[in-house]
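For reference, the chains in residue letters:
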Amino acid sequence: MLCSCGSDWYEWSTGTLLKGGQIVERSFGLAEYPVYIKAGSILPLYDRVENLSRNDEEIVLTVFPGQKGSFRMYEDNGNDKHYAREYAYTPLSVEQSGPDLTVTIGAREGHYRDMPAGRSFKIKILGSVVPE
């Protein structure tokens, strides 16, 4: 696979940081998928969903350091057609300054039926050394 990327990118399967602005050749097996994530991205994922009838499961924020990044995580109750007017957003951001990486989880905005009063987050930082 050839990639000419203008920014820095992480290879999902290995955590390898690929510098942008170059052409990189990588090899993959037939059962592997070449997935690249832009440095500075935050991916909210469920670690393990135990009950699909409610949405108060812990969110794992998978952070790819390297650049400043932010976005708003959307959520609704997941089981009706009111998602266009009953929802909430949580602002998330990451910023790296030298060896320091700051992950900010803002206050949730909005409301939807059966919204949990609080939300539990776990932060997983990829492609980085163990924090001090």
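Treat the numbers as computed from the prediction; the structure is a model and nothing was measured.

Reading guide: rules and limits
- Residues numbered from 1 in each chain as written.
- Predicted model: local features only at pLDDT ≥ 70, side-chain atom pairs only at ≥ 80, totals over all residues.
- Heavy atoms only, no water.
- Helix = DSSP H or I, 4+ residues; strand = E, 2+ residues; numbered from the N terminus.
- Buried < 20%, exposed > 50% of the residue type's maximum accessible area, 1.4 Å probe, protein only.
- Lys, Arg positive; Asp, Glu negative; His and termini not counted.
- Salt bridge = Lys/Arg side-chain N within 4 Å of Asp/Glu carboxyl O.
- Polar contact = N/O pair within 3.5 Å; in protein donor to acceptor, adjacent residues only side chain to side chain.
- Pairing = 2+ DSSP bridges.
- Axes fitted to C-alpha atoms, helices over the stretch in contact; angles between N-to-C directions.
- Core = buried A, V, L, I, M, F, W, Y, C linked by side-chain atoms within 4.5 Å.
- Contact = heavy atoms within 4.5 Å.
- pLDDT = per-residue confidence, 0-100.

## A word on the side chain of Asp 76
Secondary-structure assignment places Asp 76 in the loop between β8 (69-75) and β9 (87-97). The buried charged residue Asp 76 lacks any salt bridge partner; its closest oppositely charged side chain belongs to Arg 119, at an N-O distance of 9.0 Å. At 2.7 Å, the side chain of Asp 76 forms a polar contact with the side chain of Tyr 74. Within polar-contact distance, the side chain of Asp 76 engages the backbone nitrogen of Gly 78 at 2.8 Å.

## Notes on the sheet that holds strand β7 (residues 59-63)
Ordered by their spatial adjacency, three strands build an open sheet running β6-β7-β12, and the pairing between neighbours is mixed. A single partner strand is all that each edge strand has here, and the edge strands are β6 (42-46) and β12 (121-125). Each neighbouring strand pair of the sheet contributes to a mean axis angle of 25 degrees, computed without reference to strand direction. In this sheet, β7 lies alongside β6 in antiparallel orientation, the contact comprising five bridges. For Leu 43, the partnering residue across the bridge sits in β7 and is Thr 62.

## Considerations on the pattern of salt bridges
Tallied over the full model, the rule gives six salt bridges. A salt bridge links Asp 8 to Lys 19; the nearest nitrogen and oxygen atoms lie 3.4 Å apart. In this pair, Asp 8 is assigned in the loop between β1 (2-5) and β2 (9-11) and Lys 19 in the loop between β3 (17-18) and β4 (22-25), connecting sequence segments eleven residues apart. The exposure class assigned to Lys 19 is partly exposed, which follows from its relative accessible area of 48%. Salt bridges sharing partners connect three or more residues here, namely Glu 75, Arg 108 and Arg 119.

## Focus on the nonpolar core
Looking at soluble globular proteins, one finds that nonpolar side chains tend to be buried together. By size, the foremost hydrophobic cluster in this structure holds seven residues: Ile 42, Ile 59, Leu 61, Val 63, Met 73, Leu 92 and Val 94. At three residues, the largest contribution of residues to this core is made by β7. Aside from chain neighbours lying at most four places away, what touches Ile 59 is Pro 44, Leu 45, Tyr 46, Met 73, Arg 119, Ser 120, Phe 121 and Lys 122.

## Re the confidence of the model for the protein
Residues of the protein with pLDDT of at least 70 account for 88%, and the chain-wide mean is 84. Averaged pLDDT values for the elements of the protein fall to 46 in β1 and rise to 96 in strand β11 (residues 109-111). The model gives residues 1-5 a pLDDT under 50, and that stretch makes 17 contacts with residues more than four places away or in other chains.

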